[in-house]
Amino acid sequence: MKIRRPRLPRTRRGQRQLVQAVMAVCVLALLPATWLYVSTADRLRTTADVPRTDVAVVFGAGLWDGEPSPYLAHRLDAAAKLYRAGRIKVVLVTGDNSRKDYDEPDAMRTYLRQHGVPDGRIVSDYAGFDTWDSCVRARKIFGVDRAVLISQGFHIRRAVALCEAAGVDSYGIGVDAKHDATWYYGGTREVFAAGKAALDAVFHPDPTFLGPKEPGVARALAAGR
């Protein structure tokens, strides 16, 4: 069976309409990304000037042989730096623990302990399967209403926008990262992820797993007073 190639319009009017249609599709595709940039413009900070906040949220970014990937290690380094500087009191680590042989939160906890954050100041969210889930669970399960979010620059705007939509007053720190293949992949992925983020912000779907409320953050804060 022969596959027919699509025929391009031969008339100027048809060609003009095709160009307009392509441009309209491109504009619509970029609208969610534009929303992310506009809505988070005044919410990005550095480890030096972020407001003092009780809680920092660190999003998972993969494990290599059970250890935090370089990207995740950079995020955790920033959280440890904030803690040592007294700019945060508790770190909420949120990541994937959907199977026994893959546990992002525990690997993140171990790394933070090795870098000067006491175990009692670390709280684990084992059902942070994506950014929206992490933000909703931070608010509904752990009772976080204000936080510093830590991720890479290509992801932090989406994290801030979604946590704001979930009811968490947020500031974001986009940590430095080597511009390697992973960085470019992440930046490209964000263009498409922005569309899902916009839908999540509008429709507020339930996370993959919600469960009962957990007192970990409140307990860690109370223990530090």
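The coordinates are above.
Conventions and cut-offs
- Residues numbered from 1 in each chain as written.
- Predicted model: local features only at pLDDT ≥ 70, side-chain atom pairs only at ≥ 80, totals over all residues.
- Heavy atoms only, no water.
- Buried < 20%, exposed > 50% of the residue type's maximum accessible area, 1.4 Å probe, protein only.
- Helix = DSSP H or I, 4+ residues; strand = E, 2+ residues; numbered from the N terminus.
- Pairing = 2+ DSSP bridges.
- Right-handed = clockwise from strand over helix to strand, strands pointing away.
- Contact = heavy atoms within 4.5 Å.
- Axes fitted to C-alpha atoms, helices over the stretch in contact; angles between N-to-C directions.

Chemist: What is the right way to look at the pairing of strand E5 (residues 90-94) in this model?
Modeler: Two faces make up the sheet, and in a regular strand the side chains alternate between them. A large share of E5 lies buried, amounting to five of its five residues. Burial along E5 is two-sided: the residues Val-90, Leu-92 and Thr-94 and Val-91 and Val-93 are all buried. Where strand E2 (residues 55-59) meets E5, five bridges bridge the pair, whose relative direction is parallel. Within the sheet, the bridge partner assigned to Val-57 lies in E5 and is Leu-92. Where E5 and strand E6 (residues 122-125) come together, four bridges link them in parallel fashion. Residue pairing in the sheet places Val-93 in a bridge with Ser-124 of E6. Crossover connection from E5 via helix H3 (residues 104-114) to parallel E6: handedness right-handed.

Chemist: I'm lost on the sheet that holds strand E7 (residues 146-152) in this one. Help?
Modeler: Either a parallel or an antiparallel arrangement is found when strands of a sheet pair, and the pairing is made through backbone hydrogen bonds. Strand order in the open sheet formed by six strands is E1-E8-E7-E2-E5-E6, and the pairing between neighbours is parallel. For this open sheet the edge positions go to strand E1 (44-45) and E6, each flanked by a neighbour on one side alone. Pairing geometry for E7 and strand E8 (residues 169-175), over seven bridges, is parallel. Bridge assignment links Ile-150 to a residue of E8, and that residue is Ile-173. With respect to the sheet, helix H5 (residues 153-165) is in contact with E1, E2, E7 and E8, its orientation differing from that of E7 by roughly 155°. Its contacts with the sheet place helix H7 (residues 216-223) against E2, E5 and E6, and it is angled at close to 180° to E6.

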